[in-house]
Amino acid sequence: MTAAPPPTDLSARIPAPRREKAARGADAVRAEAAAAPARAGATEIQSFRGIAALSTVLFHVWQQYHTYDARGSHPPLDNRFLGALISLEVIDFFFVLSAYLLTLSYARAAIDRGPVRPARLFLFRRAIRIVPLYFLAVLVVWASRNPSLPGDWRDLVEHLTFTHVFDSDRIFYTLGPTWSLSLEIVFYLTLVAIGPLAVRACGRIGTRGGRAALCAAGCAVLFAVPLVWLAVARYAWGVPHTDWAAYFGPQARFGGFAAGMGLAVLMVALDGRGKLPAWCSAALSAASAVGLFALSLYSAPENLVFTFYHPLASLLWVVLHYSTLQAAQRVRWHRVLHTRWLTGTGLVSYSLFIWHEPIMLQAHKASLLPQGPEGFPLALLIVLAVSIPVAVASYWFVEYPSSLLGRLKDSSGKPRDFYPEVAR
């Protein structure tokens, strides 16, 4: 859909104050419409984030209580179905959600010919969201594990530069789960590089549908690249799954971000149309949950499901997000997602993600956790009882204050002038 020419003749007949008021009103309407996709299902998405964070804690305590012998590893509770549920990896959920939220503005700019957010502002806001807490945690944990200098200085440098995901030996050092933040940084840089190019390319296409199709095609290409890499690495080169850099790097895991980008393009293209009835939304949510469980259940090292687990899981997470965002009204089971404790957990999920593993390992080292596989349930309760209050404190004393730094930049990404009247 091409933009209509401005009604110059009619606007000239309106007095200036009324024209300005009308323009401000139109801007407000456009801003509200642009923000609508991000706000839709926001509470549910935050609760999903909280569930994913709790699932991450559960999984890492579960891993900690595995026992190993000549026959391999043994879970603390020998139940295949329970193991599949606990081992269901949720990292792709975070990738899809992050890519969806951050791609929305570029998708609007490309499809609806809106303004493009400056790259410097985008990167500044992501930095103040990610870096302060991450750097603090890395320095605290690294110092506690390297009491004498120089220590493992390479590990420190790699973590501070977000390059540890490329080092198979140190990828899980210091803060094990934060290998995923390296991929987040790669995604940010990719988005600010290709986002403006997509907007420029779409500017040459006259129809809204054509612009949406071009954006969707680009997302499909980005999603296909990891599929090709996984197929070649596993079946052509025979790279073992324990080569962590090969299977955890962006060349293997970018599919989650590409899927989230595709969801953003879809939501902008729909522009509020095609809302799902409650039964359809619930059915899609259930289908995605069953699919994710099946992937976890049938995944085993080196088999087909294992090799392509993450691209497939990303698509199923997209279905879950879509069924939530496009629901015409609140689905009955979504009432659970509106409980305060769950939305609160979602609010502090990043801090919980950062701190739970060092808390668990330190407690285990100090013999504060029960020994043996049978101690797993109690250990989980202890780790949660300590990690959640720490996450709450971390949010209010580190995350929230650092987020206020965003006020230092104006909407164009330039330093904000807090005293304009003095300059005059």
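Since the structure is predicted, the reported quantities are computational estimates derived from the model, not experimental observations. (Residues numbered from 1 in each chain as written. Predicted model: local features only at pLDDT ≥ 70, side-chain atom pairs only at ≥ 80, totals over all residues. Heavy atoms only, no water.)

**Description of the nonpolar core**
And then number 1: Ranked by internal contacts, the top residues of the largest apolar core, which has 85 residues, are Trp179, Phe187, Trp317 and Ile354.
And then number 2: Of the residues forming this core, the biggest block, 15 residues, is contributed by helix α5 (residues 91-111).
And then number 3: Other than its neighbours up to four places away in sequence, Phe187 contacts Ser98, Ala99, Leu102, Thr103, Phe254, Phe257 and Met261.
And then number 4: Counting 17 residues, the second-largest nonpolar core is a separate cluster that includes Ala53, Tyr65, Val348 and Leu352. (Core = buried A, V, L, I, M, F, W, Y, C linked by side-chain atoms within 4.5 Å. Buried < 20%, exposed > 50% of the residue type's maximum accessible area, 1.4 Å probe, protein only. Helix = DSSP H or I, 4+ residues; strand = E, 2+ residues; numbered from the N terminus. Contact = heavy atoms within 4.5 Å.)

**Here we look at the packing of aromatic side chains**
And then number 1: Considering all chains together, one arrives at 25 aromatic pairs under this definition.
And then number 2: Between the aromatic rings of Phe93 and Phe94, the centroid separation amounts to 5.4 Å while the plane-to-plane angle is 80°, which identifies the pairing as edge-to-face.
And then number 3: Clustering of aromatic rings is evident, with ring pairs tying together Phe95, Tyr106, Phe122, Phe172, Trp179, Phe187, Tyr188, Trp244, Phe248, Phe254 and Phe257.
And then number 4: Arg80 extends its terminal NZ or CZ atom over the ring of Phe81, reaching a point 5.8 Å from the ring centre. (Phe/Tyr/Trp six-rings, centres within 6.5 Å; stacked < 30°, edge-to-face > 60°. Lys NZ or Arg CZ within 6 Å of the ring centre and 35° of its normal.)

**Things to note about a nonpolar patch on the surface**
And then number 1: A cluster of nonpolar side chains, contributed by Leu347, Ile388, Val392, Trp396, Phe397, Tyr400 and Leu404, occupies part of the molecular surface with about 640 Å² of accessible area.
And then number 2: The biggest single contributor to the nonpolar patch is helix α18 (residues 376-403), with five residues.
And then number 3: Here Phe397 is to be found in helix α18.
And then number 4: Residue classification places Phe397 among the exposed residues on the basis of a relative accessible area of 69%. (Patch = residues over 30% accessible without salt bridge, like charges linked within 9 Å, V, L, I, M, F, W, Y side chains within 5 Å. Areas by Shrake-Rupley, 256 points an atom, 1.4 Å probe, with all protein chains shown as cover. Salt bridge = Lys/Arg side-chain N within 4 Å of Asp/Glu carboxyl O.)

**Here we look at the confidence of the model for the protein chain**
And then number 1: Confidence in the prediction for the protein chain averages 88 pLDDT; 89% of positions are at 70 or higher.
And then number 2: The secondary-structure element of the protein chain with the lowest mean pLDDT is helix α1 (residues 8-12), recorded at 35, while helix α12 (residues 255-270) shows the highest, at 98.
And then number 3: Taken together, the stretch residues 1-38 has pLDDT below 50 and engages in 20 contacts with residues farther than four places along the chain or on a different chain. (pLDDT = per-residue confidence, 0-100.)

**Observations concerning the pattern of salt bridges**
And then number 1: Going through the model one piece at a time under the given rule, you end up with seven salt bridges.
And then number 2: With a closest N to O distance of 2.6 Å, Arg208 and Asp112 form a salt bridge. With a gap of 96 residues between them, Arg208 in helix α9 (residues 208-236) and Asp112 in the loop between α5 and α6 (119-145) connect regions that are remote in the sequence.
And then number 3: Of the charged contacts in the structure, one is a salt bridge between Asp167 and Arg154, with a shortest N-O distance of 3.9 Å. Placement of Asp167 in the loop between α7 (153-160) and α8 (179-202) and of Arg154 in helix α7 is noted, with a sequence separation of 13 residues between them.
And then number 4: It is possible to trace a salt-bridge network through shared partners that takes in Asp152, Arg154, Glu158, Asp167 and Arg170.

**Things to note about helix α17 (residues 349-365)**
And then number 1: The end-to-end C-alpha separation of α17 is 25 Å, in line with the 24 Å expected for 17 residues at 1.5 Å each.
And then number 2: Counting buried positions along α17 yields 13 of 17 residues, so the element is predominantly enclosed.
And then number 3: Looking one or two residues beyond α17, the residue adopting positive phi is Ser367, at roughly 60°. (Expected span 1.5 Å × (residues − 1).)

**Details of the side chain of Ser314**
And then number 1: Within the fold, Ser314 resides in helix α15 (residues 309-325).
And then number 2: The class of Ser314 is buried, set by a relative accessible area of 0%.
And then number 3: At 2.8 Å, the side chain of Ser314 and the backbone oxygen of His310 are in polar contact.
And then number 4: Sequence-distant contacts of Ser314, defined by excluding residues within four places in its chain, comprise Asp92, Val96, Gly255, Gly256 and Ala259. (Polar contact = N/O pair within 3.5 Å; in protein donor to acceptor, adjacent residues only side chain to side chain.)

**Some points on unusual backbone geometry**
And then number 1: The omega torsion across Leu149 and Pro150 is 5°, close enough to zero to call that bond cis.
And then number 2: One can find Pro150 in the loop between α6 and α7.
And then number 3: If you check the backbone angles, Phe162 has positive phi at about 60° while not being a glycine.
And then number 4: Locating Phe162 in the fold gives a position in the loop between α7 and α8.
And then number 5: Judged by its relative accessible area of 10%, Phe162 falls in the buried class.

**Structural notes on the packing of helix α13 (residues 278-298) against α15**
When two helices pack together, their arrangement is captured by the angle between the axes and the distance separating the axes.
And then number 1: Running from N to C, α13 and α15 cross one another at 160°; their axes reach a closest spacing of 8 Å. Judged on the interaxial angle alone, α15 and α13 are roughly antiparallel. In this structure, the crossing between α13 and α15 has a hand that is left-handed. Residues Ser281, Leu284, Ser285, Ser288, Gly291, Leu292, Leu295 and Ser296 of α13 lie in contact with α15, whose contacting residues are Tyr309, Leu312, Ala313, Leu316, Trp317, Val319, Leu320, Tyr322, Ser323 and Thr324.
And then number 2: Taken together, the residues of the contact of α13 with α15 break down into 11 nonpolar, seven polar and no charged. (Axes fitted to C-alpha atoms, helices over the stretch in contact; angles between N-to-C directions. Parallel < 35°, antiparallel > 145°, perpendicular 65-115°, else oblique. Left-handed = near helix turned anticlockwise from the far one by under 90°. Nonpolar A, V, L, I, M, F, W, Y, C, P; charged D, E, K, R; others polar.)

**With respect to the packing of α6 against α7**
And then number 1: Relative to each other, α6 and α7 sit at 170°, their axes nearing to 10 Å. When the axis of α6 is compared with that of α7, the two are roughly antiparallel. Of the residues in α7, those in contact with Tyr134, Phe135, Val138, Leu139 and Trp142 of α6 are Trp153, Asp155, Leu156, His159 and Leu160.
And then number 2: Here the residues of the contact of α6 with α7 sort into eight nonpolar, one polar and one charged.

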